[in-house]
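# Per-entry structural report
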Amino acid sequence: MHTITLDSETDFDGWRQAARRLALNQVKPQDVTWTVRGGTPELFSTETNDLPEATEGTFNVPAKFVELAKAAILHRDPERFALLYRLLWRLRSHHDLLSVATDPDVAGVSAMARAVHRDEHKMHAFVRFREVGRVNTHFVAWFEPEHHIVELAAPFFAKRFADMPWSILTPDVCAHWDGHEIAFTAGVAKSEAPTEDRLEETWRSYYAAIFNPARLKVKAMQTEMPQKYWRNLPEASMIKPLIASAERTAGAMIANEATEPHKPQKRQDEPMARKQTHDTQARGTIAALREEATGCRACPLWKGATQTVFGEGPQSATLMLVGEQPGDKEDLAGHPFVGPAGQMLDRALEDAGIARAKVYITNAVKHFKFVPRGKIRLHQKPNTPEIRACRQWYERELAAIRPELVVALGATAAQSVLGRITPINRSRGRLIDHDGTKVLVTVHPSYLLRLPDEKAKALEYQRFIDDLKIAADQLRNSARAA
Ligand code: URA
């Protein structure tokens, strides 16, 4: 009997190396016991590794097996190592075995891999960060995965929440992101995780905003969001009331339903007609979004501001400009870029050959952030939680307008558009493909206003124009290619 002790529950490399050596030495599956270092050893096993000697020789297994094994090894079933070795053993002489879906070993490993991927998706969907600490802000989440998926799932969060330091605590292992790399530490008890923070309300408003009663399918929702995950979700307290109110609304809609037959839709195959249809839908969407955003309470900035300043411009815009946040003038007027930075932007757009009237202009943050100083309201830069809370509006504007190019004006806009802190000097002036959207990063026009000497001002103004001309050229080229 050979006892193989792996370094951890997720030690795929250790398993692969051992399995290969065992198979080359003709060690039958029934003669191997698999354990994990520090885990509960199986009966009579020790933490020693009695691997047979390394032997010359090779054998091949299908790439699909490696893919399946990498996922299945993360399953919590202690039998998985033995099952995988049995399948590997059999695959050497039966190359097509994986195509026999009814084979018990194939079915077992495939079911494990599927369960692991399902659990990974659940983790992506149901992790909720809570803010800890006012000075060195950190975001912490508690999650209880069914399988050993934390290492597998962590890169998703590093990409999605690249601009905030976070930790995901679980009973098995904890993942930590400092803005540069992911580190893993031992698991902890649930009592170590925060239970409430000031973002709680943000999550609830966001959930209420995206909840669409017309799409409500309670059964599907309960399958997708099993109740065991609810207790960690800030929005959980809203699920039942929202379902109840959606049912009431649907009942009222059915009771008041118009009795006129539907008019047949006219076919619109022409590209022009399609564009008009899209425009009409988008027009409705932007107007609805603007209306919805008037009551946005996703972060505390609404409290001091006069009003939400939403994006403006034609729905057919191929260029979208994103600024930081409305300033004093914009807050009072309710329109973006109408103050001094707006005048600078107007001049630059004209010099770059771009008509402002054809551009959709918005801001990363839709409420004015300031501190009062006597009669003046001093502009304050929005922080990461505020940018994140407001990002839903940018994402929804982007989906409605679908521009060919987004120009991010300054660091706040770049952080919102690209989803991570982006140093302007390293990224400016080149086209970046971000999740299928072309993005150009440049400075904010107010940066030009702040420059102390005229020479620097002229130089930087010219660089700003050069960046905007890249945008203009890009739009001209894509119009020509269309
Ligand atoms: N600065 C911005 O970023 N946006 C505005 O709307 C005004 C000034």
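Quick note: structure is the one above.
Below: a short report on this structure. Every chain is numbered on its own, with residues counted from 1 as its sequence reads. Predicted model: local features are reported for residues with pLDDT of at least 70 only, side-chain atom pairs are reported and counted for 80 or more only, and whole-chain, interface and lining totals are derived from all residues. Water and hydrogen atoms were dropped before computing side-chain values, which therefore reflect all heavy atoms in the structure.

## Details of helix H12 (residues 340–351)
- With 12 residues, H12 should cover 16 Å at 1.5 Å per step; its first-to-last C-alpha distance of 17 Å lies within 8% of that length.
- All of the buried residues along H12 are Ala341, Gly342, Met344, Leu345, Ala348 and Leu349. Seen along its axis, H12 keeps its buried residues to an arc of 160°; they face one direction. For H12, exposure combined with an orientation more than 90 degrees from the buried face picks out Pro340, Gln343 and Glu350.
- The way it works is that DSSP assigns letters per residue, a run of H or I at least four long becomes a helix, a run of E at least two long becomes a strand, and they are numbered from the N terminus. Looking one or two residues past H12, glycine 353 carries a phi angle of roughly 80°, positive in sign. Each residue after the first adds 1.5 Å to the expected span of a helix. Each residue is placed in one exposure class: buried if its accessible area under a 1.4 Å probe, protein chains only, is under 20% of its type's maximum, exposed if it is over 50%, and partly exposed if it falls in between. As used here, the arc is the angular range of directions from the helix axis to the C-beta atoms.

## Description of empty space enclosed by the protein
- Grid points spaced at 1 Å over the protein atoms alone were grouped into cavities, where a 1.4 Å probe fits but cannot get out, and pockets, open sets with protein on both sides within 12 Å along at least five of seven lines, with lining residues defined by an atom within 4 Å of a point. Grid points are joined across faces, edges and corners, and a volume is the space filled by probe spheres set on the points. This model, assessed by the stated rule, comprises three cavities of 30 Å³ or more.
- Computed from the structure, the largest cavity encloses a volume of approximately 90 Å³.
- Around the largest cavity, the lining comprises 14 residues; the ones closest to its centre are Cys296, Cys299, Lys366, His367 and Cys390.
- Polarity classes work like this: nonpolar for Ala, Val, Leu, Ile, Met, Phe, Trp, Tyr, Cys and Pro, charged for Asp, Glu, Lys and Arg, and polar for all others, with Gly in that last group. Residues of the lining of the largest cavity, tallied by class, amount to nine nonpolar, two polar and three charged.

## Let's talk about the layout of surface pockets
- The space that makes up the second largest pocket amounts to roughly 630 Å³.
- Contributing to the lining of the second largest pocket are 28 residues, with Ala341, His379, His444, Ser446 and Arg450 lying nearest its centre.
- For the lining of the second largest pocket, the elements supplying multiple residues, two or more each, are helix H11 (328–333), H12, strand E11 (376–379), helix H14 (410–418) and helix H16 (445–450).
- Considering every element that reaches the lining of the second largest pocket, the biggest residue donor is H16, with four residues.
- Across the lining of the second largest pocket, the residue classes break down as 12 nonpolar, nine polar and seven charged.

## Points about the sheet that holds strand E3 (residues 130–132)
- Spatially, five strands are ordered E3-E4-E5-E6-E7 in an open sheet, and the strand pairing comes out mixed. The sheet is open, and its two edges are formed by E3 and strand E7 (182–186), each paired on a single side. Neighbour-to-neighbour, the strand axes of this sheet turn through a mean angle of 25°, independent of strand direction.
- The criterion for strand pairing is that DSSP finds at least two bridges linking the strands in question. Relative to strand E6 (residues 173–177), strand E5 (residues 166–169) is paired through three bridges, and the arrangement is antiparallel. For tryptophan 166, the partnering residue across the bridge sits in E6 and is tryptophan 177.
- The contact criterion used is simple: two residues touch if any of their non-hydrogen atoms lie within 4.5 Å. Between N-to-C directions, angles span 0 to 180 degrees; the directions come from axes that are lines fitted to C-alpha atoms, helices contributing only their stretch in contact. Contacting E5, E6 and E7, helix H5 (residues 150–160) crosses the sheet at an angle of about 140° to E7.

## Regarding the site of the ligand
- The ligand sits among Gly323, Glu324, Gln325, Pro326, Gly327, Glu330, Pro336, Phe337, Ala341, Asn363 and His444.
- Side-chain polar atom of asparagine 363 to a nitrogen atom of the ligand: 2.7 Å apart, as the coordinates give it.
- Computed on the free molecule, the ligand has an accessible area of 240 Å², of which 93% lies beneath the protein chains in the complex.
- Per-class residue counts for the shell around the ligand are four nonpolar, five polar and two charged. Near residues are defined by distance, with any heavy atom within 4 Å of the molecule or strand qualifying the residue. Under the rule applied, a polar contact is a pair of N or O atoms within 3.5 Å (in protein, one hydrogen donor and one hydrogen acceptor; residues adjacent in sequence only if both atoms are side-chain atoms). In short, Shrake-Rupley with a 1.4 Å probe defines the accessible areas, and a residue's cover is counted only from the protein chains shown.

## Details of the packing of aromatic side chains
- Aromatic pairs are defined between Phe, Tyr and Trp rings, using the six-membered ring for Trp, whenever the two ring centres lie within 6.5 Å; interplanar angles under 30 degrees are classed as stacked, those over 60 as edge-to-face, and all others as tilted. Evaluation of the coordinates by the stated rule reveals 14 aromatic pairs.
- Taking the centre distance of 6.2 Å and the plane angle of 80° together, the rings of phenylalanine 129 and phenylalanine 157 count as edge-to-face. On the criterion of sequence distance, the pair formed by phenylalanine 129 in the loop between helix H4 (104–126) and E3 and phenylalanine 157 in helix H5 is long-range, its members being 28 residues apart.
- We classify phenylalanine 129 as buried; its relative accessible area is 4%.
- What makes phenylalanine 157 buried here is its relative accessible area of 1%.
- A ring pair is formed by phenylalanine 129 and tryptophan 166, whose centres lie 5.9 Å apart and whose planes are at 40°; its orientation type is tilted. Here tryptophan 166 lies in strand E5 and phenylalanine 129 lies in the loop between H4 and E3, a separation of 37 residues in the sequence.
- Any Lys NZ or Arg CZ that is within 6 Å of a ring centre and within 35 degrees of that ring's normal is treated as a charge sitting over the ring. The cationic tip of arginine 20 hangs over the ring face of phenylalanine 59; the distance from NZ or CZ to the ring centre is 5.0 Å.

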